[in-house]
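Working through the structure, step by step
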Amino acid sequence: MIDTVGLDADDTLWHNETIFADYEDRMARLVARYLPDVDFHQRLIELERHNVAIFGYGIKGFVLSMIETAIEATEGRITAEEIHTIVGWAKEMHAHPVELLDGVAETVHELEHHYRLVLITKGDLWNQEAKIAASGLADHFDAVEIVAEKDEATYARLFERHDIAPEHFVMVGNSVRSDIEPVVALGARAVHIPYHLTWDLEAPTAIPHNGWVELPDIRQLPTWLTDQ
């Protein structure tokens with residue numbers, strides 16, 4: 001019997017990746033003024049893959065990686081004014097309103113009456129706290145965890161901290177790599193709710209053969225949980 005439900009935040013409860021994709025497109029158009037044939041996305045991903053261990057996840061690391069990629073791609077020709085524009089984009093991203101996905105508010109409200117809810121998200125602490133507060137959902141959760149990484153070690157620590165038995169826990173999220181693989185490896189279950197965009201660094205590494213299901217809509221989650 002499931003008694004605790006973990007919920008991811010970005011692209012599970014509210015839109016996130018679409019915002020990043022929009023600003024990456026702006027950056028690609030800026031770099032194209034210098035190098036119209038450059039594959040900016042591929043260059044950025046390669047640098048993000050290296051930088052995430054230094055800057056972590058979130059807007060700050062993303063924007064710093066964009067600036068570094070732009071400097072390298074243009075061989076230093078990008079101007080201070082253009083870099084100032086990129087910094088302005090970072091501020092816009094931080095100020096972007098939180099837009100809940102369809103069905104999230106009513107689903108979370110329904111779940112809180114039957115399960116212990118734990119919000120588990122990774123990223124920049126300040127930005128994630130701001131989004132959680134702006135979402136209007138914070139009071140529905142019994143606990144909120146903002147972590148640097150979502151791996152087996154992190155989930156194991158959370159299970160111990162909150163006295164969670166893996167066999168009574170299910171994690172719900174849009175990332176197979178972060179929300180499914182490590183949880184199932186620890187003996188818990190997971191529900192994958194896909195988002196229409198997935199960041200390249202969230203590509204699955206070892207998809208489990210069992211222990212998880214995929215639901216196309218979060219509004220199907222209460223019924224699925226009742227059937228377990």
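Everything numeric in this text was worked out from a predicted model, so none of it was measured.

What you see with strand E3 (residues 143–147) is a clean split: Ala143, Glu145 and Val147 sit on the buried side and Val144 and Ile146 on the side with no burial. Pairing between strand E2 (residues 116–122) and E3: five bridges, direction parallel. Opposite Ile120, over in E3, you have Glu145 as the bridge partner. Note that the unit made of E2, helix H6 (residues 125–135) and E3 has a crossover that is right-handed.

As a further point, take the packing of helix H2 (residues 40–55) against helix H3 (residues 59–73). Two elements in contact, H2 and H3, have axes separated by 9 Å at closest approach and are oriented at 130°. By the criterion of interaxial angle, the relationship of H2 to H3 is oblique. In this structure, H2 crosses over H3, and the sense of that crossing is right-handed. Packed against H2, whose contacting residues are Phe40, Arg43, Leu44, Leu47, Glu48, Asn51 and Phe55, the element H3 presents Gly61, Phe62, Leu64, Ser65, Met66, Glu68, Thr69, Ala70, Glu72 and Ala73 at the interface. Tallied by class, residues from the contact of H2 with H3 come to nine nonpolar, four polar and four charged.

Attention now moves to the packing of aromatic side chains. Evaluated as defined, the whole model comprises four aromatic pairs. Note on Tyr57 and Trp199: the rings are 5.9 Å apart at their centroids and 80° apart in plane angle, and the pair reads as edge-to-face. In this pair, Tyr57 sits in the loop between H2 and H3 while Trp199 sits in the loop between strand E5 (189–192) and strand E6 (212–214), placing the two residues 142 residues apart along the sequence. The interplanar angle of 65° and the centroid separation of 5.0 Å between the aromatic rings of Phe159 and Phe169 together place this pair among those described as edge-to-face. Here Phe169 lies in strand E4 (residues 169–173) and Phe159 lies in helix H7 (residues 152–161), a separation of 10 residues in the sequence. The pair formed by Phe159 and Phe169 is uniform in burial state, with each residue classed as buried. Above the plane of the ring of Tyr57 lies Lys122, whose end atom (NZ or CZ) is 4.0 Å from the centre.

Calculation notes
- Residues numbered from 1 in each chain as written.
- Predicted model: local features only at pLDDT ≥ 70, side-chain atom pairs only at ≥ 80, totals over all residues.
- Heavy atoms only, no water.
- Buried < 20%, exposed > 50% of the residue type's maximum accessible area, 1.4 Å probe, protein only.
- Helix = DSSP H or I, 4+ residues; strand = E, 2+ residues; numbered from the N terminus.
- Pairing = 2+ DSSP bridges.
- Right-handed = clockwise from strand over helix to strand, strands pointing away.
- Axes fitted to C-alpha atoms, helices over the stretch in contact; angles between N-to-C directions.
- Parallel < 35°, antiparallel > 145°, perpendicular 65-115°, else oblique.
- Left-handed = near helix turned anticlockwise from the far one by under 90°.
- Contact = heavy atoms within 4.5 Å.
- Nonpolar A, V, L, I, M, F, W, Y, C, P; charged D, E, K, R; others polar.
- Phe/Tyr/Trp six-rings, centres within 6.5 Å; stacked < 30°, edge-to-face > 60°.
- Lys NZ or Arg CZ within 6 Å of the ring centre and 35° of its normal.

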